[in-house]
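Remarks on the overall topology
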Amino acid sequence: MTFNALRPVASKVLEPLAKITADAGISPNAISMLSLLFAAFAGFLYYYSAFDPLLVLVAGLLVAFNSLLDAVDGLMARYLNVASARGDFLDHVIDRYSDVFIICGIFFGGYVDWQIGVVTIVGVLLTSYLGTQAQALHLGRYYGGIIGRADRLVLIMLSSVVYFVYPSELYGFSSLGWMIIVIGAGSHITAFQRIVHIWKQLK
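Residues numbered from 1 in each chain as written. Predicted model: local features only at pLDDT ≥ 70, side-chain atom pairs only at ≥ 80, totals over all residues. Heavy atoms only, no water.

1. Re the nonpolar core
Within soluble globular proteins, side chains that are nonpolar tend to cluster in buried spots. Membership of the largest hydrophobic core comes to 24 residues, with the highest contact counts inside it found for Tyr 46, Ile 102, Ile 106, Ile 156 and Leu 176. Those elements that provide at least two residues to this core are helix H2 (28-48), helix H3 (53-79), helix H4 (85-108), helix H5 (114-136), helix H6 (149-165) and helix H7 (175-201). Top element by residues in this core is H4. It accounts for five residues. Excluding residues that lie within four positions of it along the chain, Ile 106 makes contacts with Tyr 46, Tyr 111, Ile 156, Leu 176, Met 179 and Ile 180. Grouped together as the second largest cluster of nonpolar side chains are eight residues, Leu 14, Ala 18, Ala 22 and Met 76 included. (Core = buried A, V, L, I, M, F, W, Y, C linked by side-chain atoms within 4.5 Å. Buried < 20%, exposed > 50% of the residue type's maximum accessible area, 1.4 Å probe, protein only. Helix = DSSP H or I, 4+ residues; strand = E, 2+ residues; numbered from the N terminus. Contact = heavy atoms within 4.5 Å.)

Here it is, written out as C-alpha cells:
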C-alpha cells in the first residue's frame, strides 16, 4: 500500500515513455505480454540461479522491467483511448501469472522451504482476489492493506540487490528468504484487512 500511493507520481514520470511507445504503433496488450515474458524469465533465473548472486541480480532487473511495463500498458491504453474491460481483465490475469512465476521461482530455487513458499503464494493470490472481489461486488477496486503488488515488487527487487551484495544467510535465511517470509506474513495480514473492509461495506 505504501508504494501504491506513489502511483500518480510514477504515472506522470512514465507518461512520456507510454506516449512514445504508443506512437510507435505498439499495442498495450503487446506490452502486457512482454511484461509477462520478463516475469517468467525472472522466475526461471531465480529457480536456476543455484545461489549465484549475479543471476539473482539479473532476475531482479527483469522484475523491474516487469513492473515498469505493467505500469506503462495502462497509460498507453488511456492515451490511445482504447481502455476496455477486456484489457483490464488481461492485465489482472498477467499480473497473477507474473506473481506466480517470480515468487515460485524463488522458493522452488531453494531460498526458503517450499512450505513457506506455498503459504506465501496463497497469501499473495488471496490478497489480489479480494481486491478484485470488492470490485465485483460494486464496491470499487480496493488496494488497501500493508502490502500490495507494488510493495511486493519493490521488496523483491531490493532483496535481489542485497543478495548480490551480501549472499550469506542471517539467522537461517538470505535476503531472498527473509523477503518471502515478509511478503507471506504481510500478504495474509493484508488479506485479513481487506476482508474486514469489504465486510463492513456490505451493509
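2. Brief notes about the confidence of the model for the chain
For residues with low pLDDT, the predicted coordinates do not support detailed interpretation. Mean pLDDT over the chain works out to 93, with 97% of the residues at or above the 70 mark. Mean pLDDT across the elements of the chain bottoms out in helix H1 (residues 7-23) (85) and peaks in H2 (97). (pLDDT = per-residue confidence, 0-100.)

3. Structural notes on H4
Along its 24 residues, H4 runs 34 Å from first to last C-alpha, staying within 8% of the 34 Å computed at 1.5 Å per residue. At the exit of H4 stands Gly 110, carrying a positive phi of roughly 95°. (Expected span 1.5 Å × (residues − 1).)

4. Observations concerning the pattern of salt bridges
According to the stated counting rule, one finds five salt bridges in the structure shown. Measuring nitrogen to oxygen at the nearest pair gives 3.0 Å for the salt bridge that ties Asp 99 to Arg 149. Taken together, the positions of Asp 99 in helix H4 and Arg 149 in helix H6 put the pair 50 residues apart, joining distant regions of the chain. Each member of the pair, Asp 99 as well as Arg 149, is classed as buried. (Salt bridge = Lys/Arg side-chain N within 4 Å of Asp/Glu carboxyl O.)

5. Re a nonpolar patch on the surface
On the surface, a cluster of nonpolar side chains totalling about 860 Å² of accessible area is made up of Phe 41, Phe 44, Tyr 47, Tyr 48, Phe 108, Trp 114, Val 118 and Val 122. Listing elements by their share of the nonpolar patch, those giving two or more residues are H2 and H5. Among the elements that take part in the nonpolar patch, H2 stands out by supplying four residues, more than any other. Inspection of the secondary structure puts Val 122 in helix H5. (Patch = residues over 30% accessible without salt bridge, like charges linked within 9 Å, V, L, I, M, F, W, Y side chains within 5 Å. Areas by Shrake-Rupley, 256 points an atom, 1.4 Å probe, with all protein chains shown as cover.)

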